[in-house]
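# Tertiary structure, described
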Amino acid sequence: MKSLRISPIGKRVIFVFIIFGAFALLKNSFATYDSILSIVQGIAFVGIASAFLTLLITSGEFDISIGANAALAAIVAGELVAKSHLSLWLSIFLTLLVGLVIGAINGAVVLIAKVPSFIATIAMLFIARSFSVYISQAKAIENFPGLWKGFKGSVMGQYFSIIVMLVVILIGEFILNYTTFGKVIAAIGANKEAARIAGINVIRTKFILFMLTGVGAALAGVVADIHFSSARSSLGTGWELYAIAGLVIGGTSLFGGRGTVVGLLIGLLLMQIIASGMVAGGIDPWWQTVITGVIVLISLGIDRKRKKVFVNE
Amino acid sequence: MSEKSTGQYALEMSHISKNFGPVIALHDVDLKIRNGYIHGLIGQNGAGKSTLMKILSGYYPSGTFDGEIIVAGNNVELKSPRDAQQSGIAIVPQEITVAGTLTVAENILLSEFNKRGLKLYAKRDEDKAIEKFLADNGIPLVSSQLVDTLTLPQKQILMIASALYMNPKVLVLDEPTSSLTNDEIGTLFSIVRNLKVKGYTTVFITHKIAEIMDLCDSVSILRDGQVVYETDRTHFNSDTLISNMIGRSIGELYPTKNVIKSDAPVVLSVTDLIVENPRKPGEKMLDAFSFELRAGEILGLGGLVGSGRTEILKALFRENNVLAGKIQLGDGKVYGDAIPDALDAGIAYITEDRKIEGLLFNMTIRGNLTASIMQVLSAKGVLKRKSEKEIAKETSKSLSVKPSDIEAMIGNLSGGNQQKVLIGKSLLVKPLIFMLDEPTKGVDIASKAEIYQIIHDLVEKGAGVLLVSSEFPELLAISHRVIVFANGKYQGEMVGDIDKEHELMLMAIGGK
């Protein structure tokens with residue numbers, strides 16, 4: 001059983017090393033510490049925003065609005081700190097609360113009004129994105145005070161977003177695959193009726209996951225603010241697509257029932273390595289997206305035994 | 001009237017009545033199940049079994065019915081499936097409902113996980129504990145196996161194990177054998193018997209008398225929403241059970257049978273046919289058999305669910321393989337072995353599974369009716385909208401499909417009207433042989449009468465009909481002749497006579 005769960009991840013890790021090695025051979029500077037750091041840095045925000053999304057998807061629902069939610073959070077935090085001069089912690093708290101509310105609205109629309117989550121959260125994507133542009137008047141918010149600003153350029157500032165991502169991903173992976181709650185999530189995604197028979201409150205569980213996803217997305221916005229010492233409403237554009245691609249490459253079933261947050265990390269890393277490698281190798285960046293698409297398809301075939309997972313039952 | 005509970009009953013349901021509008025589903029039903037008994041609950045489709053179980057499972061919450069439920073001496077009010085569970089009632093539904101991406105142990109522990117909330121899941125320890133639980137209860141499953149890799153009967157057994165793990169006071173098995181083979185049923189029975197030894201109380205729902213005779217300690221028979229008979233094992237008698245299960249007046253539900261013309265030609269003849277078992281390629285479903293179908297005749301295929309009736313129809317339609325034997329049309333011609341060949345030969349197959357195989361659910365009545373005659377309705381590949389509409393309207397009207405608007409979506413129609421559209425769709429290709437598989441399944445009584453009339457009209461016009469139905473009165477009342485299959489064998493032929501239901505039942509369970 002152990003081999004069943006570990007081995008697909010193992011295969012993917014090996015694949016990542018092979019791709020990385022290939023680029024490193026192509027261009028020596030690719031294997032430097034700075035280069036690796038910038039690759040990991042490149043996926044930090046989307047990684048934070050989509051870690052809990054993995055849990056939601058494993059339960060059989062979707063959230064397309066994570067990028068827009070992160071942008072709104074970035075702007076709200078920016079407004080609170082830089083313009084309203086609230087304290088750092090209070091600002092962060094209020095911002096995460098906004099993310100929670102957005103997740104709760106998504107959850108309510110999907111679970112109570114019974115709108116399919118794909119559609120409900122596309123609507124939220126437009127709404128949240130528009131609010132972030134409106135509030136900021138499409139201008140970047142700069143001039144962050146105190147600790148907020150102090151991060152920029154410091155050693156802590158350099159690693160901050162990566163550390164948060166790793167923590168969030170490990171928390172997500174722990175909940176999903178090492179706790180009883182995680183098994184409940186997977187059971188709901190695998191067969192809602194079976195979960196219901198076991199006495200599980202499916203709607204409540206999914207509602208929690210929608211809110212958790214909302215908080216995760218907002219956290220990504222806050223961390224981006226801290227990292228850049230500025231807030232922009234354009235943050236998070238296209239994250240939902242990278243998240244989906246990363247999840248598929250990582251081995252999560254988009255129809256629910258099986259998910260891995262570590263797999264998501266590997267999927268995102270792989271895409272980022274290819275993107276950076278292309279740039280470093282002087283290859284036309286146009287190829288980058290083509291290759292990403294191909295990788296998504298290949299990853300579906302990596303473990304053919306799981307083919308069933310991708311067929312909606 | 002009502003006796004005081006004395007503690008000898010695991011479950012008492014008393015004076016249960018439930019109406020759906022003017023329709024009385026259950027009338028003053030009393031069900032008492034002794035501690036440690038395997039109690040059979042039998043009745044035909046529509047007798048009220050599932051309504052009663054939905055009340056017991058909390059699906060119809062207390063307040064929506066009259067009467068009271070007492071579990072192990074305690075009066076309970078069941079407002080939700082959760083309440084039922086907490087009161088000690090575990091129901092194993094008929095449909096397979098398991099979480100395929102989880103292991104056996106995780107499925108069994110699901111109810112437990114739910115109570116625990118966010119706790120560390122120690123896989124190895126849990127696997128060990130479940131391994132012990134399975135062994136203790138004589139359940140042949142491996143705790144660490146992924147459920148997606150289990151066979152259908154294993155999944156069925158897993159559902160029982162999951163219910164058992166909740167340590168219920170009453171375990172309810174709703175038609176657990178409906179999709180199992182004889183061997184698998186044997187395994188299931190030994191598990192249930194073993195549970196009895198352990199002191200569990202089981203309610204076993206079925207419509208197969210043989211299973212009651214084999215397994216149960218006591219039985220209640222539901223008919224037309226009432227308990228018409230109850231007894232203990234010492235008084236079991238299959239004749240009495242059958243006659244109590246049936247015994248209904250038929251009224252004017254069925255049209256008068258047409259007389260087959262003496263010179264009516266044979267439209268289909270089957271000689272020494274051996275049909276393949278679609279679930280076990282290369283193996284036969286039934287021993288060789290032969291029959292003839294004449295123009296204007298309705299030939300019923302009798303037997304229990306799983307006796308091979310559907311497989312015979314599918315073999316004739318070329319959806320299932322044939323291992324040996326001959327299938328000839330009226331003129332002695334044979335046809336190719338693909339579905340289009342069967343269609344060209346004038347064979348129409350109206351499937352049991354309307355939802356999956358028959359209808360285009362996102363389309364209108366019109367679109368569904370004309371789906372098979374698109375080529376006829378087109379000129380040079382362009383659809384002639386006007387004639388399509390006319391034909392659809394005409395057909396819909398002749399079958400009295402409701403609503404009369406042919407642009408209504410199929411998904412919004414009642415089961416009976418969906419069935420009519422399905423028949424109409426086949427009608428338009430003007431076939432010579434109609435094969436109808438459970439045409440009145442899940443259909444209300446008024447629509448049933450209309451469907452019988454439609455079938456009657458088909459043969460009046462000279463078509464031959466092969467009919468499969470699990471409702472024996474219906475099968476006998478509609479068919480001129482019925483050929484019966486049981487235990488993988490052709491059992492014989494009988495005249496379609498509604499009073500012969502007893503005989504048919506005996507034949508269908510494999511004789512006395």
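Figured I'd write up the structure that's included with this text. (Residues numbered from 1 in each chain as written. Chains lettered and ligands numbered in written order. Predicted model: local features only at pLDDT ≥ 70, side-chain atom pairs only at ≥ 80, totals over all residues.)

## Overview of the overall build of chain A
The helix and strand inventory of chain A stands at 13 helices and zero strands. Scanning chain A from its N terminus toward the C terminus, one meets helices and strands in the order α-α-α-α-α-α-α-α-α-α-α-α-α. Here the C-alpha atoms of chain A give a radius of gyration of 19 Å, agreeing with the 20 Å that 2.2 N^0.38 yields for 313 residues. In terms of principal-axis extent, the alpha carbons of chain A reach across some 55 × 55 × 30 Å. Put simply, chain A has 313 residues, and 50% of those count as buried. (Helix = DSSP H or I, 4+ residues; strand = E, 2+ residues; numbered from the N terminus. Rg over C-alpha atoms; globule rule 2.2 N^0.38 Å. Buried ≥ 20, exposed ≤ 12 C-beta atoms within 10 Å, placed from the backbone.)

## Let's talk about the sheet that holds strand β15 (residues 347–350) of chain B
Residues and elements named next belong to chain B. The sheet built from six strands is open, its strands ordered β15-β18-β19-β13-β20-β21 with mixed pairing. The open sheet is flanked by β15 and β21 (489–495), the only strands paired with a single partner. Pairs of neighbouring strands in the sheet enclose a mean axial angle of 20 degrees, with direction left out of account. Helix α17 (residues 501–508) contacts β13 (298–302), β20 (481–486) and β21 of the sheet and is inclined by roughly 30 degrees relative to β20. (Pairing = 2+ DSSP bridges. Axes fitted to C-alpha atoms, helices over the stretch in contact; angles between N-to-C directions. Contact = placed C-beta atoms within 7 Å.)

## Observations concerning the nonpolar core
If you look at the biggest cluster of nonpolar residues, it comprises 231 residues, and the most contacted ones within it are Ile48, Ala70 and Ala187 of chain A together with Val172, Met435 and Val465 of chain B. The greatest single-element share of this core, amounting to 14 residues, is contributed by helix α10 (residues 202–228) of chain A. Residues contacting Met435 of chain B, with those up to four places away along its chain left out, are Leu313, Leu316, Phe317, Ile347, Ala348, Tyr349, Ile350 and Leu466 of chain B. (Core = buried A, V, L, I, M, F, W, Y, C linked by C-beta atoms within 7 Å.)

## Quick notes on the pairing of β15 of chain B
Residue and element names in this part refer to chain B. Side chains Ile347 and Tyr349 project from β15 onto one buried face, and the interleaved Ala348 and Ile350 project onto a second face that is buried too. One ladder, built from four bridges, connects β15 with strand β18 (residues 433–437); its direction is parallel. Within β18, the residue paired with Ala348 across the bridge is Phe434.

## What about the interface of chain A and chain B?
Listed by partner, the interface residues are 23 residues for chain A and 25 residues for chain B. Counting only elements with at least two residues in the side of chain A that touches chain B, the list comes to α8 (180–190) and α9 (192–197) of chain A. Among the elements that make up the side of chain A that touches chain B, the one with the highest residue count is α8 of chain A (seven residues). Broken down by class, the residue content of the side of chain A that touches chain B amounts to 13 nonpolar, five polar and five charged. (Nonpolar A, V, L, I, M, F, W, Y, C, P; charged D, E, K, R; others polar.)

## Let's talk about the sheet that holds strand β3 (residues 38–42) of chain B
Sheets are built from strands that pair by backbone hydrogen bonding, the pairs being arranged parallel or antiparallel. Residues and elements named next belong to chain B. Across the sheet, six strands lie side by side as β6-β7-β8-β3-β9-β10; this open sheet has mixed pairing. Here the strands that pair on one side only, and so sit at the sheet edges, are β6 (89–92) and β10 (226–232). Strand-to-strand twist in this sheet, taken as the mean axis angle between neighbours without regard to direction, amounts to 20 degrees. Relative to β10, strand β9 (residues 218–223) is paired through six bridges, and the arrangement is antiparallel. Residue pairing for β10: Ile221 is matched across the bridge by Tyr229. Sitting on the sheet, helix α5 (residues 152–165) is in contact with β6 and β7 (170–174), with an inclination near 170 degrees to β6. Contacting β3, β9 and β10, helix α8 (residues 238–245) runs over the sheet at an angle of about 25 degrees to β9.

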